[in-house]
Amino acid sequence: MTNRRQFLKLGASTALAGRFPTAAARSNSEPKSLSLEAVPAAVNLVGDEYPDTPVWTYNGTIPGQQIRLRHGQQLQVTVKNALPQPTSVHWHGIRLPNAMDGVAGLTQAPIEPGQSFEYRFTPPDAGTYWYHAHLNTPEQIGRGLYGALIIEEQQPVIVDRELVWIIDDWRLNKQAVIIDDFDNRHDRSHAGRIGNAPTLNGRYKPTIPVRSGERLRIRIINAANARNFALNLDALTPSVIALDGQPSGPYTPDGAIVLGASGRTDLIVDMSGDPGSRSKLIDNYYPQPYLLATFAYSDEPPLREHPLDTPISAGTSALPQPDLGNAVKQQVVMRGGAMGGMQRGMLDGNWIDLRELAARGYLWTVNDITAHRLDMPPLLSVERGQSVILEMHNDTAFEHPMHLHGHHLKVLSVDGKPPAHEQWRDSPLLKPRQKLVAAFVADNPGNWLFHCHILEHHASGLGALVRVV
Ligand code: C2O
Ligand code: CU
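Residues numbered from 1 in each chain as written. Chains lettered and ligands numbered in written order. Predicted model: local features only at pLDDT ≥ 70, side-chain atom pairs only at ≥ 80, totals over all residues. Heavy atoms only, no water.

Draft legend 1. Just the pairing of strand S4 (residues 75–81), in detail. The buried count for S4 comes to five of seven residues, which makes it a mostly enclosed element. Alignment of strand S1 (residues 32–43) against S4, held across seven bridges, turns out to be parallel. The residue bridging Ser-35 from the neighbouring strand is Thr-78, located in S4. Bridge analysis of S4 against strand S6 (residues 116–121) gives six bridges, and the strand direction is antiparallel. Bridging across to S6, Lys-80 finds its partner in Ser-116. (Buried < 20%, exposed > 50% of the residue type's maximum accessible area, 1.4 Å probe, protein only. Helix = DSSP H or I, 4+ residues; strand = E, 2+ residues; numbered from the N terminus. Pairing = 2+ DSSP bridges.)

Draft legend 2. Highlighting the environment of Asn-447. Considering the arrangement of structural elements, one finds Asn-447 in strand S31 (residues 446–452). In this structure Asn-447 comes out as partly exposed when scored by relative accessible area, which is 23%. Between the C-alpha atoms of Asn-447 and His-405, which are 42 residues apart in sequence, the distance is 9.0 Å. Ignoring anything within four residues of it in the chain, the contact list for Asn-447 reads Asn-98, Leu-106, Thr-107, Leu-465, Val-466 and Arg-467. One polar contact links Asn-447 to Arg-467, side chain to side chain, over a distance of 2.7 Å. (Contact = heavy atoms within 4.5 Å. Polar contact = N/O pair within 3.5 Å; in protein donor to acceptor, adjacent residues only side chain to side chain.)

Draft legend 3. Representation of the sheet that holds strand S12 (residues 215–222) in the model. Across the sheet, which stays open at both edges, the six strands sit in the order S10-S9-S12-S17-S14-S15 with mixed pairing between neighbours. The open sheet has two edge strands with one neighbour each: strand S10 (197–200) and strand S15 (246–251). Ignoring strand direction, the axes of neighbouring strands in this sheet form an average angle of 20 degrees. (Axes fitted to C-alpha atoms, helices over the stretch in contact; angles between N-to-C directions.)

Draft legend 4. Highlighting the environment of Gly-72. Mapped onto the secondary structure, Gly-72 falls in the loop between strand S3 (64–70) and S4. Distance from Gly-72 to Thr-122, taken between C-alpha atoms, is 6.4 Å for residues 50 residues apart in sequence. Excluding residues within four positions of it along the chain, Gly-72 makes contact with Thr-122 and Pro-123.

Draft legend 5. Representation of the coordination of the copper ion (ligand 2) in the model. Ligation of the copper ion (ligand 2) by protein atoms is provided by His-400 (ND1), Cys-452 (SG) and His-457 (ND1), these donors lying 2.0 to 2.1 Å from the ion. Mapped onto the sequence, the donors of the copper ion (ligand 2) take the spacing H-x51-C-x4-H. (Donors = N, O, S within 2.8 Å, 3.2 Å for Na, K, Ca; no water.)

Draft legend 6. The arrangement of the pattern of salt bridges in detail. By the definition in use, this model includes 27 salt bridges. For Arg-171, the salt bridge identified is with Asp-181, shortest N-O distance 3.1 Å. Taken together, the residues span a long stretch of sequence, with Arg-171 in the loop between strand S9 (161–170) and helix H4 (185–189) and Asp-181 in the loop between S9 and H4 at a distance of ten residues. Members of the salt-bridge network, linked through shared partners, are Arg-68, Glu-152, Glu-153, Glu-162, Arg-217, Arg-219 and Asp-266. (Salt bridge = Lys/Arg side-chain N within 4 Å of Asp/Glu carboxyl O.)

Dropping the structure here:
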């Protein structure tokens, strides 16, 4: 028995040593350089009974090539555009220089077909991030232009294995071809483009092989145009260690793991099922719960008899604490959409009634202004270093994950209640009629988009600009 236990321990620590580079190896900080080609491809999304689906990819796969850096390492990416339309790449959640933010039409010119653009920056924070196209996003992200961007902590949490899951959903016809109604008016005025084929890493209802007793870190990224997820891990007891890339907890969530569109959650999960058994991963955000994936345990004996007792914290956030006493307060009121009761909105400084706005494709406003262009007058302009409190009010009948580029927001309260655990979000999710107050230090100069990450909402006016000078 002692031998077996020692053997199991040894097996685990050997596996860990092989998987994570030692501190010495980490101090090597050569830039990571790679190229990403935005290119059409055909991949099987929904199973062998169906033909491959024509998609748009980075380097030919769904999700696109995973980019992994060590904390402090510079990234150099040459993006080549082999699509039939212009594009750009945004590094979602990364606090980077404005010129590298990848918002075509605001921070850079579009990358035309056949052209390239080089991005170069050093992410200041470790964590789970992602990259995606940032032009004509309902179509470009809807066709698959995204990938994971992982920045490893200097002292990673000790686990046996790490999984990176990009969850998405697709709107497919019976031949598994993407239905190309990306400007669908109903989607724009309601909950956005919700698909009919949810996938995990580009597979419909995949089986995920696991071993009894192993400890996993699961980095989950919601890349869907509009779908929010509430993940239920059956009998497993996950611990949340990070939200939107920033450390939080660790804590055991009460209920499902909620990810608004574009959100991320890092979990530590001890796989406590029996060898040979299976367990379900269910999404029950919307009224119809469904199976997203299945864990399948190998027949091997449990990796260990008791869960590891090593710490699981991802550390503490290194973000600057906002100075609440001297902060500028800004109201942010979202209006519009179906059943929203909005009468009119401002476009280019003129009040326009809802019918006329809708005829032009605009259905939403922030502080009564509809975002019909990216380089609009700023909602808020502050000096570098200023602390800001955003008092957001979702006065609509739909959910809005509100993404601020270039910064993270510290959530102070949701409907008046402070969150149970510290949360730094780059895309806090506001439920219908909800009020969410969040603060940040505007320490990154430039023009930053602040928009709903339900891509059809942004495309129909739900956006604003924050300027830091
Ligand atoms: Cu994830 Cu404006 O982007
Ligand atoms: Cu929205």
